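This is what each chain is made of:
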Amino acid sequence: MTLVALVNPNTNEATTAMMAAIARRTLRPEDGYEVRGATVATGPPMLVDEEALRASAGHVLDAADRLLAGPDGDRLAAIVVSAFGDPGVEELRARTPVPVIGIAEAAMREAGADGRRFGIATTTPGLAAAIDVRAARLGRYTGIRLTPGDPLRLAASPEEMTERLAAAVDLCVREDGAEAVVIGGGPLGEAAEALRHRFPVPVVGPIPAAAREVLRLLA
């Protein structure tokens, strides 16, 4: 089995399990892939501002070091960092020979393929500036649309969160001219799955996009 680690930079174990399950829909066991979720040891249950995002980079590196030093470290084929700010990705690439994939980078590249204009819909206004900077470097970016309400409260109400994200996606398409929309967050993975077929443009979930990048890199 080809081992792929999915590192959750949040401390919520249930979120780790959910994101790993989504990744397994692309990196399927029947195709020879094993996706192993790993949760950072310290930090907040959800990254909602730039201070938490910066702090999480060190926790990601620690989690990756534990994986690489563990009993299966020698067969680890790729690492997915599953938070939308891609914390620790560049540092991790510099210290390990295995491919390291950030879910934001993978999703934005996929959404912007062939020069397509893309927008981002997400729940975290505290990360909007950091997302803007990253997105503008990766393609024809139409901007970000944010859901109203506290991100942590929305995360505890999945149906409401999905509908608010749907409204944000609609604004990306109708008002901003996006030809694809990225759902901006690993913990928003199930909402991204629910919205995939509700719009006339591609709605890109960052976890499946990262998993598809793993497939390409390991082919």
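One can find the structure itself at the top, above this paragraph.
Residues numbered from 1 in each chain as written. Predicted model: local features only at pLDDT ≥ 70, side-chain atom pairs only at ≥ 80, totals over all residues. Heavy atoms only, no water.

(A) Broad picture of the pairing of strand β3 (residues 76-81). The buried fraction of β3 is high, at six of six residues. Where strand β1 (residues 2-8) meets β3, five bridges bridge the pair, whose relative direction is parallel. Looking across to β3, one finds that alanine 5 is bridged to isoleucine 79. With three bridges joining them, β3 and strand β4 (residues 100-102) adopt parallel strand pairing. From the neighbouring strand, valine 81 faces β4, where its bridge partner is glycine 102. (Buried < 20%, exposed > 50% of the residue type's maximum accessible area, 1.4 Å probe, protein only. Helix = DSSP H or I, 4+ residues; strand = E, 2+ residues; numbered from the N terminus. Pairing = 2+ DSSP bridges.)

(B) Inspection of the sheet that holds β3 at higher detail. Pairing is parallel in the open sheet, where four strands are placed in the order β2-β1-β3-β4. Each edge of the sheet is formed by a strand with only one pairing partner; in this case those strands are β2 (33-39) and β4. Pairwise comparison of adjacent strand axes, ignoring direction, gives a mean angle of 25 degrees for this sheet. Lying on the sheet, helix α4 (residues 103-111) is in contact with β3 and β4; it crosses β4 at an angle near 70 degrees. Most of the contacts of helix α9 (residues 206-218) go to β3, to which it runs at about 155 degrees, and overall it touches β1, β2, β3 and β4. (Axes fitted to C-alpha atoms, helices over the stretch in contact; angles between N-to-C directions. Contact = heavy atoms within 4.5 Å.)

(C) Structural view of the environment of aspartate 72. One can find aspartate 72 in the loop between α2 (50-69) and β3. Judged by relative accessible area, aspartate 72 falls into the partly exposed class, the value being 24%. Between the C-alpha atom of aspartate 72 and that of alanine 57, which follows or precedes it by 15 residues, the distance is 23 Å. Contact partners of aspartate 72, with chain neighbours within four places excluded, come to Leu3 and Arg36.

(D) View of the packing of helix α1 (residues 13-24) against α9. Orientation of α1 relative to α9, taken along the N-to-C sense of each, is 50 degrees, at an axis distance of 9 Å. The angle between α1 and α9 places the two elements in the oblique class. When you trace α1 past α9, the crossing you get is right-handed. Mapping the contact onto sequence places Met19, Ile22 and Ala23 in α1 and Ile207, Pro208 and Ala211 in α9. Among the residues forming the contact of α1 with α9, the class breakdown is six nonpolar, no polar and no charged. (Parallel < 35°, antiparallel > 145°, perpendicular 65-115°, else oblique. Left-handed = near helix turned anticlockwise from the far one by under 90°. Nonpolar A, V, L, I, M, F, W, Y, C, P; charged D, E, K, R; others polar.)

Everything listed here is a matter of coordinates, which is why it stays silent on function.
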